[in-house]
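Now for the letters of each chain:
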Amino acid sequence: MSDKLNENTNEKQGADEEIKKINYSDFLKDTEEIEAEIKREEEIKKQKKKEKIKNPFFNKKAENAENKSNETEKEENEETEKISNENEIDLDSPELKRADVIKERVMLVSFAVVLVIIIHLGISYIYYNNRFLPSTVINGEDCSGKTVSEVSEIMEEKVSDYQLSIVYNDIIVDELYGSDINMKFGDMGIVLQDICDHQKKISWIKGLVFESEPINTSKGLDYDASVLNSFINSSLVLSMTSTVKSENAGLEYSDGAYVIKPAVYGDEINKEAFVNKLVSSVNSLNTNLDINRDGCFIEPELTEDNKTLIKSCKEANKLIKNKIELNVTDDLFEIPVDIKKDWLTVDNTGALIFNENAFSKYMDRLDKSYSYSDEKREFETFHGDSVTVTGGDFSTGVDRASLVSSMSEAVLNDGDSRVVVAFNKYNDSEIGDSYIEVDLSNQMLWMYKDGLQILSTPVITGKDDGDHSTPEGVYRLKSKTVNGSVTENGESKNVSYLMAVNGEVAICDAEWKNLFGGVVYKTDGSEGSVYVPNDAAKTIYENCYENMPVVMYHHEIVENFYTEDSYMHELMDLIANRPEIPVYEPDESTEITSDEADEGDENNADENTAEDITSEDVAGENETSPADNGESNESPDEGSAPSDNAGGGEETGNINQEEN
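Residues numbered from 1 in each chain as written. Predicted model: local features only at pLDDT ≥ 70, side-chain atom pairs only at ≥ 80, totals over all residues. Heavy atoms only, no water.

A.B. asks: When you look at the packing of helix α4 (residues 148-160) against helix α5 (residues 188-197) in this model, what are you seeing that I'm missing?
C.D. replies: For any two helices packed against each other, one specifies the inter-axial angle together with the distance between the axes. At a closest axis distance of 10 Å, the pairing of α4 and α5 adopts a crossing angle of 140°. The angle between α4 and α5 falls in the class oblique. Helix-helix and strand crossings are classified by hand; for α4 and α5 the assignment is right-handed. Here α4 contributes V148, V151, S152 and M155 to the contact with α5, which in turn contributes M188, G189, L192, Q193 and C196. When grouped by side-chain class, the residues that make up the contact of α4 with α5 number six nonpolar, three polar and no charged. (Axes fitted to C-alpha atoms, helices over the stretch in contact; angles between N-to-C directions. Helix = DSSP H or I, 4+ residues; strand = E, 2+ residues; numbered from the N terminus. Parallel < 35°, antiparallel > 145°, perpendicular 65-115°, else oblique. Left-handed = near helix turned anticlockwise from the far one by under 90°. Contact = heavy atoms within 4.5 Å. Nonpolar A, V, L, I, M, F, W, Y, C, P; charged D, E, K, R; others polar.)

This is the structure we're talking about:
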C-alpha cells in the first residue's frame, strides 16, 4: 500500500511538474504579449505628444475639457455633501423657528384682508344702499351721505325759493325768480332715486379721496318755457352796448417784417351762448350766472398761439421780398413793399391768403388814374331839367376779375412776377334806367332801379375847400363791401356799408354825423366820399351792383327845395317852430327881488337871440352859392410812375403811394 501511495505521489508530482511547464510557457507567452501591448501604448502616447506639439490649440481645448470635467465632478460632490449636511439640521434651530413666525404673520394678514373686504362690502351695500356716495353734487347741492328722501326735501325747498342772479362786472343786472316761470318740483324724486340706484356703491371710498363730476339734471323739473323765453328776450344783458369788439389774431407789418397781432377779447355779448347758459342755469337750479366768468362774450376764433398762423407769418416774410412789376398801358413800375404788404392776410383758420378787399382799393386808384374820360354828357336830372356832366370813367374800366386773379397768383407764388393790367371798353354808352344820381350842389342822392325811384336821401359830400371836393362825372360802381373804412381828418372811420366809386371816393354810411344835407358839407364834409344815413346806405348796398352808373353833377340851388323832401321838411319845421321854454310867472302876491328881475331879463334876451339866429340860419340855407363844376386835377405823388394819361384830360396821380 505504501508503494501504491508512493506511486500515486510520484504521479501527482509528475503531473504538477507537467502543469508548471505548461503554465510557464503560457506565462512567457502572456508576458511577451503584454510587453508588446505596452510598446504599442508607448508608441501611441509618443504619437499623441507629437500631435499635441503640432496643434497646441487642440491640446489646450482638451485640457480645458478635462479640467471642466473635474470641476463638475467636484461641484457634484460638494452639493451631495451639502444636502447631506442639511438633512442633519436640528429641528430646534433658529431658522426653523423664524419660518414658523413668518407663517403665522401671513395667516394674520390674510385674515385682516378678508375682514377689511367684508367691512367694505358691508358699507357699500348696506350703509350706502339708499344713500348718495361721497362727493356727490346734484344741481349745485352737496348730497354726500344723504338719503334720497333727504335730498328730495332739500331740492323741493330749493325750487320753491329759487332765484337766479345775473351778474355783469360784479353788479347784479337782472334777476329771475322761480315763481315768475311757475317752477315746480315735479317728478324729481324719481329722478334722484334713479341717480342713487345707478351709482357704483363699491367705489364709495374713491369719493373720500377724489372729487366726482357734478351732476346737473332738469328731469322732473317743471316750468313755463314760454315765460322764460320772454324773460330772455327782455333781458338787460342783450341790450347792453359793446365798447370793445373781439378781433382775431392776424398779421401786422411792422419795422420791415410781418409779426403776429394778438387777438382782442371784447365785451360784445354772444346771444346764443348767453341763452344756453341761462337755460342751463335754470335747469340745474344754479343761483348765479356771471357774464364775465361763464363765457357769454363773443370770443375770437383765431388766437396768437395758432400753429397755422405762426407758419403763415414765416411764409409771408419770405413772399414779401419777391419783386412784382405792374404793366399799365406800357407804364412799367415795381410795386413798393409799403403797398403790397396789405395784400397778404390770413383767414379764420390762420392760413395765408390774398387780401382782395385791400387790393380792391388799389384797383380803384388804378381806375381813377387810367380810366378817365373827358366826354361830355347831357343828363336829365331829378329836377326835370338837363345838365352837362364832364369826366368820370364810364366808357372804360380796369378788368378787375382778371387783375385780381393775376395779382393773387403773383403775390402768393414764390419768385418775381410781372402783371399786365387789362382794360374793358364799354360800348354801351347809355346810362340806362338803373343808376345812382348825386346832386353835389343841393346835397341830395336818388337811386333808380328799372326806371323806378327807390331812394331819396340827403347827403354830405367832400369839404368845400378845393382839396377834398367830391369829383363830378359819370362813373361805374367799382365794388361794394360791408364793414369797411374811410378816412376823415386823418382819422380812420369804420362804416357798415361801403360802395367804391372812384379811388378813395365811395358812398357809405356815417353814424358819427348827426345832420345830413344843406350846407353841412362846407365846414364838416368828407374827404371826397358821399356820406348817407345808415338806412339809406343799407338800401343802396342791397340794390347796387358792379359797374352800375353813378352820376355826380353840380346844379343851381333849387329854391324851397328842402321843403319838398319829407326828411328836410320835418327838420326845417323843427328848426322854425321849436317849442318855447315857458317863463315862470310868480303870483301877484309874491314880491320879485332885484336878482329875479335881472334873471328874467336875461331869459328874454336869450329867447330873442335864439329867434334871430334861427331866422338867419334858415335864410342862409336858402341863399344861392355858385357851384364849382370843374374837377381839380391831381398831381402825381412822389415816386409814381409816369403815365400816358390813357383816359384823357386828367393828370395821372400816384398809384403807388397810399393817399392820406
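A.B. asks: Explain a nonpolar patch on the surface here, please?
C.D. replies: A surface patch of nonpolar side chains, about 670 Å² in accessible area, is lined by V109, V113, I117, L121, Y125, I126 and I202. Tracing the chain through its elements places V109 in helix α3 (residues 94-125). (Patch = residues over 30% accessible without salt bridge, like charges linked within 9 Å, V, L, I, M, F, W, Y side chains within 5 Å. Areas by Shrake-Rupley, 256 points an atom, 1.4 Å probe, with all protein chains shown as cover. Salt bridge = Lys/Arg side-chain N within 4 Å of Asp/Glu carboxyl O.)

A.B. asks: What is the right way to read the sheet that holds strand β24 (residues 530-532) from this model?
C.D. replies: Think of a sheet as strands paired side by side through backbone hydrogen bonds, with each pair either parallel or antiparallel. Spatially, four strands are ordered β21-β22-β23-β24 in an open sheet, and the strand pairing comes out mixed. Each having just a single partner strand, β21 (479-488) and β24 make up the two edges of the open sheet. Direction aside, the axes of adjacent strands within the sheet are offset by 40° on average. Relative to strand β23 (residues 505-509), strand β22 (residues 491-502) is paired through four bridges, and the arrangement is antiparallel. Paired with L498 across the bridge in β23 is C508. Packed on one face of the sheet, helix α14 (residues 534-543) meets β21, β22, β23 and β24 and runs near 40° to β22. (Pairing = 2+ DSSP bridges.)

A.B. asks: What is the right way to look at the pattern of salt bridges in this model?
C.D. replies: Close approach of charged atoms allows side chains of opposite charge to pair. Under the defined criterion, the tally for this structure stands at ten salt bridges. Across the salt bridge formed by R293 and D294, the nearest N and O atoms sit 3.7 Å from each other. Relative accessible area serves as the criterion here: at 59%, R293 is assigned to the exposed category. As a salt-bridge pair, K478 and D393 come within 2.7 Å of each other at their nearest N and O atoms. With K478 in the loop between β20 (473-476) and β21 and D393 in the loop between β13 (386-390) and β14 (396-398), the pair connects residues that are 85 residues apart, well separated along the chain. K478 sits in the buried class, given a relative accessible area of 5%. Under the relative-accessibility criterion, D393 is labelled buried at 2%. It is possible to trace a salt-bridge network through shared partners that takes in K323, E325 and R418. (Buried < 20%, exposed > 50% of the residue type's maximum accessible area, 1.4 Å probe, protein only.)

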